[in-house]
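Analysis of the macromolecular model
Chain by chain, the residues:
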Amino acid sequence: MTSIPKDLKYTREHEWAKQEGDRVRVGITAYAQEQLGDVVFVELPKVGAKVTASKGFGVVESVKAVSDLFAPVSGEVVEANGELQQKPETVNQDPYGRGWMILIKPSNKAEWDQLLTAQQYEEFLKHGGH
Amino acid sequence: MASRYIANTAAEQRQMLGVIGAGGIEELLVRIPAKARLSRPLSLAPALAETDLIRHMKGLAARNADADAHACFMGAGSYDHYIPSPINHLISRGEFFTAYTPYQPEASQGTLRTIYEYQTMIAELTGMDVANASIYDGASSLAEAALMAHAATERNEIVLSRGVNPLYRRVAATYCEGPGVRLRDAAAPEGVTDLATAKKLVGPKTAALVVQSPNFYGCLEDIAAAADIAHAAGALLVIAADPVNLGVLEAPGRLGADIVVGEGQGLGVPMGFGGPNLGVFGAKKDLVRRMPGRLVGATVDRDGQRGFVLTLQTREQHIRRAKATSNICTNVALCALMATIYMATLGRQGLIRVGELSTAKAHYAAERLAKVPGVSLRFGAPFFKEFALRLPKSPERVVAKLAKQGILAGVPLKTFDRGLADCLLVAVTEKRTRAEIDAFADALGKAVA
């Protein structure tokens, strides 16, 4: 079973979200990176860009597929993981750690409660994950 | 009635009609109003025997004023450079002469390798890090570059010099209409882009400044200054260049261009009454993921042997659908092959020589023609192999008159710019001889006297 940390929230598009004070850190789940295979490119928004919950904020590309990245919550991008430009494989190696993608300053706190809990995400994966 | 050209037989037609429950083909057409239908047979001449048909077609073709039988001083984007004999022999080989670009690396190493060589040579000539496998022509390359700059910078305006080929500008306008990219013209009143005006137009909304050099009027632009203007505003610099000139002229990439596009027809591709042409497209490495078109890369197989494959295909629409970098999913492989053989045949020295001869002969011609009473050079800016002449008589009439004497004098500019209705654009390649240029000057003298 792939790892699903209990302290994170999840989307049905396989992003994770982590509350850090009043910011939300975002990446893709271990399941997502396994499905994608070797990640070769990650395209992220610029700092200052506005993102909207459930809308695309970037693109992750592996040797076999290219997928949109969806924002778990709306808000402003205050940081983007520049390391992924040079080392996209970090997403495979450490999806919940150094493979994070963006840090959002959320504009709508209510959206947080709409996200899946670890348990709900695990259920979701058991039913096929889509 | 059996037809030689329609594959299905009368029996098959009856069968198909039976399936859809129609009594006859006529029944399928009843909804077309009678007045919109032709009620008599097409009035076609009787079929000719093959020998008669060939004679007929050759007779028609002989009415063309082509560059083989005339001294061609026409340019304006398509040039009469010499095409070395090996090109036609090599491209006619069955392995290359196919109707479609082969994609499968296991079956197409030869083709993929020639495309890779093409990309490498174009990248080197233009001073770009990467070049694609080609696009249709100079116009579509330039328009794609505008869209690419728009995507890369997330900005919505393109500042386009009026020195850029007017046909390219029209294609760019068509491409930019859908995504809502605004084109703003930077004037080129004296044959070169007015950079002071361009500087005022380029700002925080500008995705790219687009300049052609040598431009449509043959004049050289200050690429480095244009680069400074674009980059100071965070915009990209797109340069349209003719690669055949780049044996002599500095690579635009070394002068600050971020994207180099152009018409590659001069690299061994026949003028062919306007096509097929060769769209050259190169970019800096950090822009490669935004680049349109096919791209061939070198790799190694599992046995460690060098091989070639299409690469970065996730930019393309068969994978990325609506989010692809462009609608271009093909290239003009055969024309790119002509260019590859051209560049390989001439080599570095040959390409330098073509450029030197073209520019030397063009300057000789300009001097000679401008001495004809009433004729003058329209612009004072330095030019490469093409220049605009102001004539005391209608350029259209002069062109018609000289064509009868075996001289294609140039392209009248009225169609492109009403303000230049008295001007003729004259191009001189390495193929033109001193005798031809002198004959042109004499004939022009008589035509305008």
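For every chain, the first residue of the written sequence is number 1, and numbering continues from 1 onward in sequence order. Numbering of ligands from 1 and lettering of chains from A proceed in the order in which they are written. In view of the model being predicted, local features appear only for residues whose pLDDT reaches at least 70, and side-chain atom pairs are presented and counted only at 80 or more, with totals across whole chains, interfaces and linings using the full set of residues.

This paragraph deals with the overall build of chain A. Note on conventions: DSSP H or I runs of at least 4 residues are helices, E runs of at least 2 residues are strands, and numbering of each starts at the N terminus. From N to C terminus, chain A includes 4 helices and 9 strands. If you list the helices and strands of chain A from N to C, you get β-β-β-α-β-β-β-β-β-α-α-β-α. Both definitions apply: the radius of gyration is a C-alpha atom measure, and the globule rule equals 2.2 Å times residues to the power 0.38. Over its C-alpha trace chain A gives a radius of gyration of 13 Å, about what one expects of a compact globule, namely 14 Å for 130 residues. Overall size of chain A, expressed as C-alpha extent along the three principal axes, is 35 × 35 × 20 Å. In this scheme every C-beta is placed from the backbone, and a residue whose C-beta has 20 or more other C-beta atoms within 10 Å is buried, one with 12 or fewer is exposed, and one in between is partly exposed. Burial status across chain A gives 38% buried among its 130 residues. Two residues qualify as being in contact provided that their C-beta atoms, derived from the backbone, are within 7 Å of each other. Sequence-distant contacts, at least 24 apart, represent 65% of the contacts inside chain A between residues at least 6 apart.

All names here are of chain B. When DSSP finds two or more bridges between a pair of strands, those strands are recorded as paired. Strand order in this open sheet of 7 strands is E2-E8-E7-E6-E5-E3-E4, and the pairing throughout is mixed. Both edges of this open sheet fall to strand E2 (130-131) and strand E4 (182-186), since each of them pairs with a single strand only. Two strands pair when backbone bridges link them, and strand E5 (residues 206-212) and strand E6 (residues 236-240) are joined in this way by 5 bridges, in the parallel orientation. Bridging from a neighbouring strand, Val-210 pairs with Val-238 of E6.

Attention now moves to the environment of Glu-111 of chain A. Residue and element names in this part refer to chain A. In this fold, Glu-111 is placed in the loop between strand E9 (102-106) and helix H4 (118-126). Judged by the 19 C-beta atoms lying within 10 Å of it, Glu-111 is partly exposed. Sequence separation between Glu-111 and Ala-53 is 58 residues, and the spatial gap between their C-alpha atoms is 7.7 Å.

Before going further, it helps to examine helix H7 (residues 166-177) of chain B. Residue and element names in this part refer to chain B. Here H7 contains 12 residues, and its C-alpha end-to-end distance of 17 Å stays within 8% of the 16 Å for a straight helix at 1.5 Å per residue. Listed in full, the buried residues belonging to H7 are Tyr-168, Arg-169, Val-171, Ala-172, Tyr-175 and Cys-176. One side of H7 holds all its buried residues, which, seen down the axis, span an arc of 160°. Pointing more than 90 degrees away from the buried face of H7 are the exposed residues Arg-170, Thr-174 and Glu-177. Residues of H7 that are buried make contact with helix H6 (138-153), strand E3 (157-161), E4 and E6. For a helix, the expected span equals 1.5 Å multiplied by the residue count minus one. Throughout, the arc means the angular range of directions from the helix axis out to the C-beta atoms.

Residue and element names in this part refer to chain B. In this entry, domain limits derive from an automatic or database-based domain assignment. Partitioning chain B into domains gives domain 1 (71-82 + 347-448) and domain 2 (85-340). Using C-alpha coordinates to define each centre, domain 1 is positioned 27 Å away from domain 2. Counting residues at the interface gives 24 residues for domain 1, matched by 22 residues for domain 2. Of all the secondary-structure elements, those providing two or more residues to the side of domain 1 that touches domain 2 are helix H11 (333-370) and strand E12 (386-390). In terms of residue count, the dominant contributor to the side of domain 1 that touches domain 2 is H11 (6 residues). By the convention adopted, Pro, Cys, Tyr, Trp, Phe, Met, Ile, Leu, Val and Ala count as nonpolar, Lys, Arg, Asp and Glu as charged, and the other residues, Gly among them, as polar. Its residues assigned to classes, the side of domain 1 that touches domain 2 comprises 13 nonpolar, 6 polar and 5 charged.

Residues and elements named next belong to chain A. For strand E1 (residues 9-10) and strand E2 (residues 15-20), the ladder comprises 2 bridges, and the chain directions are antiparallel. In the sheet register, Lys-9 faces E2, and the bridge partner there is Ala-17. Connecting E1 to the antiparallel partner E2 that follows it, the hairpin turn spans 4 residues, and His-14 within it adopts a positive phi of roughly 75°. Two strands pair when backbone bridges link them, and E2 and strand E3 (residues 23-28) are joined in this way by 6 bridges, in the antiparallel orientation. Paired with Glu-15 across the two strands is Ile-28, which belongs to E3. A loop of 2 residues connects E2 with E3, the two strands running antiparallel in sequence, and Gly-21 in this loop sits at a positive phi of about 65°.

The subject of this paragraph is the packing of helix H12 (residues 395-403) of chain B against helix H13 (residues 434-448) of chain B. Between two packed helices, both the angle of their axes relative to each other and the distance between the axes serve to describe the pair. Residue and element names in this part refer to chain B. Following both chains from N to C, one finds H12 and H13 inclined at 125°, their axes separated by 10 Å at the closest point. Looking at the two axes, H12 sits oblique to H13. Relative to H13, the crossing made by H12 is right-handed. On H13, the residues that touch Val-398, Lys-401 and Leu-402 of H12 are Ala-443, Leu-444, Ala-447 and Val-448. Considered class by class, the residues forming the contact of H12 with H13 number 6 nonpolar, no polar and 1 charged. Helix axes are fitted to C-alpha atoms over the stretch in contact, other axes to C-alpha atoms as well, and angles between N-to-C directions run from 0 to 180 degrees. Angular relationships are summarised with four words: roughly parallel below 35 degrees, roughly antiparallel beyond 145, roughly perpendicular across 65 to 115, and oblique for the angles in between. Crossings are sorted by hand: turned counterclockwise from the far helix by less than a right angle, the near helix makes the crossing left-handed, and turned clockwise it makes it right-handed.

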